[in-house]
Amino acid sequence: MSEPTIFSRIVAGEIPATVVWQNERLIAFEDIAPQAPVHLLVIPKTQQYANVSELAVGDPALLAEMISVADQLAATHANGEYRLVFNSGASAGQTVFHVHAHVLCGGLTESALA
Ligand code: 5GP
């Protein structure tokens, strides 16, 4: 068994987070260091997939559900418009190797998350 990721520890309730939505397989919470007025993370509860390409191969339906949830969250927390970011790999800025979608709404600049 690999060590729990920081996001698995949030799922387990070991680390507090502002959870905005969840179901059996997914959970969404506020990013601790927001890069936009609304900055949410949508993640699978499993840490089985380290990045979006692993998820796309392993469970494409779950990836589609993540995108649908991101869309709904942007509608309830902002005006429905959003930037969806999946950093994939350390050199692309990924720091947590538990696949997650950044949902960014409002006040975006070209350099957000760059
Ligand atoms: P990455 O850089 O891997 O694409 O994104 C990881 C994100 O997780 C970062 O935006 C970072 O701010 C967020 N993050 C890291 N640790 C925590 C935490 O303990 N709680 C929350 N809510 N977000 C975290």
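Every value quoted in this text rests on a predicted model; they were computed, and no experiment measured them.

Our focus in this paragraph is the overall build of the protein. A count of helical and extended segments in the protein gives three helices and five strands. In the protein, buried positions account for 38% of the 114 residues. Once local pairs closer than 6 in sequence are excluded, the contacts in the protein between residues at least 24 apart make up 52%. Counting only carbon and sulfur atoms, one obtains 53% of the accessible surface of the protein, whose full area is about 6,300 Å².

A word on the sheet that holds strand S2 (residues 26-30). Across the sheet, which stays open at both edges, the five strands sit in the order S1-S2-S3-S5-S4 with antiparallel pairing between neighbours. Either end of the sheet is taken by a strand with one partner, and the two such strands are strand S1 (19-22) and strand S4 (83-85). On average, each strand axis in the sheet is inclined to that of its neighbour by 20 degrees, with strand direction left out of account. In terms of strand pairing, S1 meets S2 through three bridges, oriented antiparallel.

Moving on to the site of the ligand. In the region of the ligand, 16 residues are neighbours, and Asp-31, Asn-87, Gly-93, Thr-95 and His-102 sit closest. Note that a nitrogen atom of the ligand is positioned 3.3 Å from one of the backbone N or O atoms of Ile-32. With respect to the ligand, the side chain of His-102 contributes an N or O atom lying 2.8 Å from an oxygen atom. Protein chains shield 84% of the accessible area of the ligand, which is 520 Å² for the free molecule. Where the shell around the ligand is concerned, the elements lending two or more residues are helix H1 (6-11) and S2. Among the elements that make up the shell around the ligand, the one with the highest residue count is H1 (three residues). The residue inventory of the shell around the ligand, partitioned by class, reads eight nonpolar, six polar and two charged.

Applying the stated criterion to the full structure yields two salt bridges. As a salt-bridge pair, Glu-14 and Arg-9 come within 3.1 Å of each other at their nearest N and O atoms. A residue is classified by how much of its surface remains accessible, and Glu-14, at 52% relative accessible area, is exposed. Note on Arg-9: relative accessible area 36%, which makes it partly exposed. For Arg-25, the salt bridge identified is with Asp-59, shortest N-O distance 2.9 Å. Taken as a pair, Arg-25 in the loop between S1 and S2 and Asp-59 in the loop between helix H2 (52-58) and helix H3 (60-77) lie far apart in primary sequence, 34 residues in all. Owing to a relative accessible area of 37%, Arg-25 belongs among the partly exposed residues under this scheme.

What counts, and where the lines are drawn
- Residues numbered from 1 in each chain as written.
- Predicted model: local features only at pLDDT ≥ 70, side-chain atom pairs only at ≥ 80, totals over all residues.
- Heavy atoms only, no water.
- Helix = DSSP H or I, 4+ residues; strand = E, 2+ residues; numbered from the N terminus.
- Buried < 20%, exposed > 50% of the residue type's maximum accessible area, 1.4 Å probe, protein only.
- Contact = heavy atoms within 4.5 Å.
- Areas by Shrake-Rupley, 256 points an atom, 1.4 Å probe, with all protein chains shown as cover.
- Pairing = 2+ DSSP bridges.
- Axes fitted to C-alpha atoms, helices over the stretch in contact; angles between N-to-C directions.
- Near = heavy atom within 4 Å.
- Polar contact = N/O pair within 3.5 Å; in protein donor to acceptor, adjacent residues only side chain to side chain.
- Nonpolar A, V, L, I, M, F, W, Y, C, P; charged D, E, K, R; others polar.
- Salt bridge = Lys/Arg side-chain N within 4 Å of Asp/Glu carboxyl O.

In short, the description is geometric, and any link to function would need to be established separately.
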